[in-house]
Amino acid sequence: MITSATDPQPADFADVRATNLAVVLRSVREHAPCSRADIALSTGLNKATVSSLVADLIDRRLVRETGLTENRVGRPATMLVLDGSPYAAIGVEINVDHVIAVAVDLSGERLLSWRRSFPGATSTAAQAVAAVAAIVRRVVNRMAREERQVLGLAVGVPGLVGTDGTVRVAPDLGWRDADVCGDLTKALRDPGFPVRVDNDANLAALAEHRFGPRAGTANLVYLTGEIGVGAGVVLDGRLRRGGQGYVGEIGHIQLDPLGAECRCGRLGCLEAVAGIGAVLEHPALSPAEVEIELDEVVRLARAADSRTLSTLATVGHNLGKGVAMIANLLNPEVVILGGYYVPLAPWLLPAVEAELRGRTIAPDAGGCQVVASTLGYGAAALGGAAQVLDSVDSSRLPRVS
Ligand SMILES: [Zn+2]
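First, a word on scope: everything that follows refers to the structure included in this document. (Residues numbered from 1 in each chain as written. Predicted model: local features only at pLDDT ≥ 70, side-chain atom pairs only at ≥ 80, totals over all residues. Heavy atoms only, no water.)

**Some details on the overall build of the protein**
Then, number 1: Regarding its fold elements, the protein presents 12 helices and 15 strands.
Then, number 2: Against the compact-globule benchmark of 21 Å for 401 residues, the protein has a radius of gyration of 23 Å, which places it among compact chains.
Then, number 3: Principal axes of the C-alpha set define a box for the protein whose edges measure 70 × 50 × 40 Å.
Then, number 4: Every one of the 401 residues in the protein was classed for burial, and the buried ones make up 50%.
Then, number 5: By sequence separation, contacts in the protein at least 24 residues apart represent 62% of the contacts at least 6 residues apart. (Helix = DSSP H or I, 4+ residues; strand = E, 2+ residues; numbered from the N terminus. Rg over C-alpha atoms; globule rule 2.2 N^0.38 Å. Buried < 20%, exposed > 50% of the residue type's maximum accessible area, 1.4 Å probe, protein only. Contact = heavy atoms within 4.5 Å.)

This is the structure:
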């Protein structure tokens, strides 16, 4: 059935059409360059419906025809690719000492990536909201100058974020019950695009799932290696949030009842025995000092300094115990180590692997691999943009402007 988009339609029909548009858009994203016939084949929609949906997507400049054709039996088929250049998705992450903003277009092309220092650890939530609003306004202005429509904004915060965007607890930032999403929407004066706030590990997992070398892996866990350690969990192709949105607080699983005291006051949490604090000589440092000391640890490890190697092995074994718990519980295909773990990965991974193999009940650790992230700093910001694109893919398509 073909109808014009301007015909009056019952709501449920419009919903079906929106869903089918998203299905076709996803198909182009996965298979481009592809023909209308390819889309019909991969989606199961009939060819007339696909033609109508593709026409709509071309109108919205989400998809475009390439000059290329592919000769098949019969007549040549015009090939389609994602367009999306008139649109932008914005992601921001708030951290203990900086704010990062990233914008990508609909096809995932990076449009900008800005890092600003910001004293997150000593600022109130209100001050952070003002800082984020300021940087977002500049991003939005830039996008407007480039004639791009902003599809949405998602902000990553290191802490427990409720499903309504309220930050319940952010220990590194010292916040409690801060309505960051509501306040940011107000500060941006109702910007005309959706604003969301999410846990930083969740967003980093989405970044890996969409943009990383293991993109598309249906079962993936991302472990942040910041001052705190949290996990973002993608299972069966979807980010998992749990009852109130608090999935993945692996940092406070007790690995050693007699272990070092954690920032949460308990003993031997994973974060305390396998976090960056367990690697450094002087754990309670400012973030800038952490980076300097981390460089020194890497230098000593490269020089095969025995004390450094032994510390890294211990931390690696502890981290491996945590990864084995994840593997036993969730059976991921890959666990990705982010943040400060990345530069330390060459020395941590052998011990992590050994613990993983030794402690999982499934043969071959259930197929679980452990790798270091290659997305670099700002993975959560990139994941914010990924979350916006995910919501477009699942039928929140932009209107024709
Ligand atoms: Zn703890």
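**A look at the coordination of the zinc ion**
Then, number 1: Taken together, the protein donors to the zinc ion comprise His-252 (ND1), Cys-262 (SG), Cys-264 (SG) and Cys-269 (SG), at separations of 2.0 to 2.4 Å.
Then, number 2: Each of the four donor atoms around the zinc ion contributes to a set of angles spanning 106 to 120 degrees, which defines the coordination as tetrahedral.
Then, number 3: All donor residues of the zinc ion come from one chain, and their arrangement in sequence is H-x9-C-x1-C-x4-C. Of this pair, His-252 sits in the loop between strand 13 (238-239) and helix 7 (270-274) while Cys-262 sits in the loop between strand 13 and helix 7, placing them 10 residues apart in sequence.
Then, number 4: Relative accessible area serves as the criterion here: at 28%, His-252 is assigned to the partly exposed category. (Donors = N, O, S within 2.8 Å, 3.2 Å for Na, K, Ca; no water. Tetrahedral: all angles 85-135°; square planar, octahedral: opposite > 155°, others 65-115°.)

**Overview of the packing of aromatic side chains**
Then, number 1: For the coordinates displayed, the defined rule picks out zero aromatic pairs.
Then, number 2: Between the NZ or CZ atom of Arg-115 and the centre of the ring of Tyr-377, over which it lies, the distance is 5.8 Å.
Then, number 3: The ring centre of Trp-114 lies 5.7 Å from the NZ or CZ of Arg-138, which sits over that ring. (Phe/Tyr/Trp six-rings, centres within 6.5 Å; stacked < 30°, edge-to-face > 60°. Lys NZ or Arg CZ within 6 Å of the ring centre and 35° of its normal.)

**A short note on the sheet that holds strand 6 (residues 149-157)**
Then, number 1: Taken in spatial order, the five strands line up as 5-4-3-6-10 in an open sheet, and their pairing is mixed. The open sheet has two free edges, formed respectively by strand 5 (110-117) and strand 10 (195-199), since each of these has just one partner strand. For this sheet, the mean angle separating the axes of adjacent strands, direction not counted, is 15 degrees.
Then, number 2: Taken strand by strand, helix 5 (residues 180-187) contacts strand 6 and strand 10, and its axis lies near 150 degrees from that of strand 10.
Then, number 3: Here helix 6 (residues 200-211) sits on the sheet in contact with strand 4 (98-105), strand 6 and strand 10, set at roughly 100 degrees to strand 10. (Pairing = 2+ DSSP bridges. Axes fitted to C-alpha atoms, helices over the stretch in contact; angles between N-to-C directions.)

**A few points about the sheet that holds strand 8 (residues 167-170)**
Then, number 1: The three strands are arranged 7-8-9 in an open sheet whose pairing can be described as antiparallel. Every other strand in the sheet has two partners, leaving strand 7 (160-161) and strand 9 (175-178) as the edge strands with one partner each.
Then, number 2: Relative to strand 9, strand 8 runs antiparallel, the two sharing three bridges. Among the inter-strand pairings, Ala-170 is bridged to a residue of strand 9, identified as Trp-175.

**Description of the environment of Ile-135**
Then, number 1: Turning to its location among the elements, Ile-135 is positioned in helix 4 (residues 125-145).
Then, number 2: In this structure the C-alpha to C-alpha distance between Ile-135 and Ala-303, which are 168 residues apart in sequence, comes to 41 Å.
Then, number 3: With near-sequence residues (within four places) excluded, Ile-135 lies in contact with Val-99, Ala-101, Trp-114 and Arg-116.

**Notes on the pairing of strand 11 (residues 220-223)**
Then, number 1: Burial along strand 11 is two-sided: Leu-220 and Tyr-222 and Val-221 and Leu-223, pointing in opposite directions, are all buried.
Then, number 2: Where strand 11 and strand 12 (residues 231-235) come together, four bridges link them in antiparallel fashion. When the sheet's bridge partners are listed, Val-221 is paired in strand 12 with Val-233.
Then, number 3: Here strand 11 runs beside strand 14 (residues 334-337); their pairing, made up of four bridges, is parallel.

**Structural notes on unusual backbone geometry**
Then, number 1: Each neighbour pair has its own omega, and for Ala-32 with Pro-33 the value is -5 degrees, a cis peptide bond.
Then, number 2: Within the fold, Pro-33 resides in the loop between helix 1 (11-31) and helix 2 (36-43).
Then, number 3: Positive phi values are uncommon outside glycine, yet Asp-190 reaches one of about 50 degrees.
Then, number 4: Relative to the assigned elements, Asp-190 resides in the loop between helix 5 and strand 10.

**Concerning the pattern of salt bridges**
Then, number 1: What the rule picks out here adds up to 18 salt bridges.
Then, number 2: Residue Arg-168 pairs with Asp-164 through a salt bridge whose shortest N-O separation is 3.9 Å.
Then, number 3: Judged by its relative accessible area of 48%, Asp-164 falls in the partly exposed class.
Then, number 4: For Glu-355, the salt bridge identified is with Arg-359, shortest N-O distance 2.5 Å. Of the two residues, Glu-355 and Arg-359 both sit in helix 11 (residues 341-359), four residues apart, roughly one turn of that helix.
Then, number 5: When salt bridges with common partners are traced through the structure, they connect Arg-29, Arg-210, Asp-390 and Asp-393 into a single cluster. (Salt bridge = Lys/Arg side-chain N within 4 Å of Asp/Glu carboxyl O.)

**Examining the nonpolar core**
Then, number 1: Judged by nonpolar contacts, the single largest core of 46 residues is most densely connected at Val-24, Leu-25, Ile-39, Leu-57 and Leu-106.
Then, number 2: It is helix 12 (residues 379-393) that contributes the most residues to this core, nine residues altogether. (Core = buried A, V, L, I, M, F, W, Y, C linked by side-chain atoms within 4.5 Å.)

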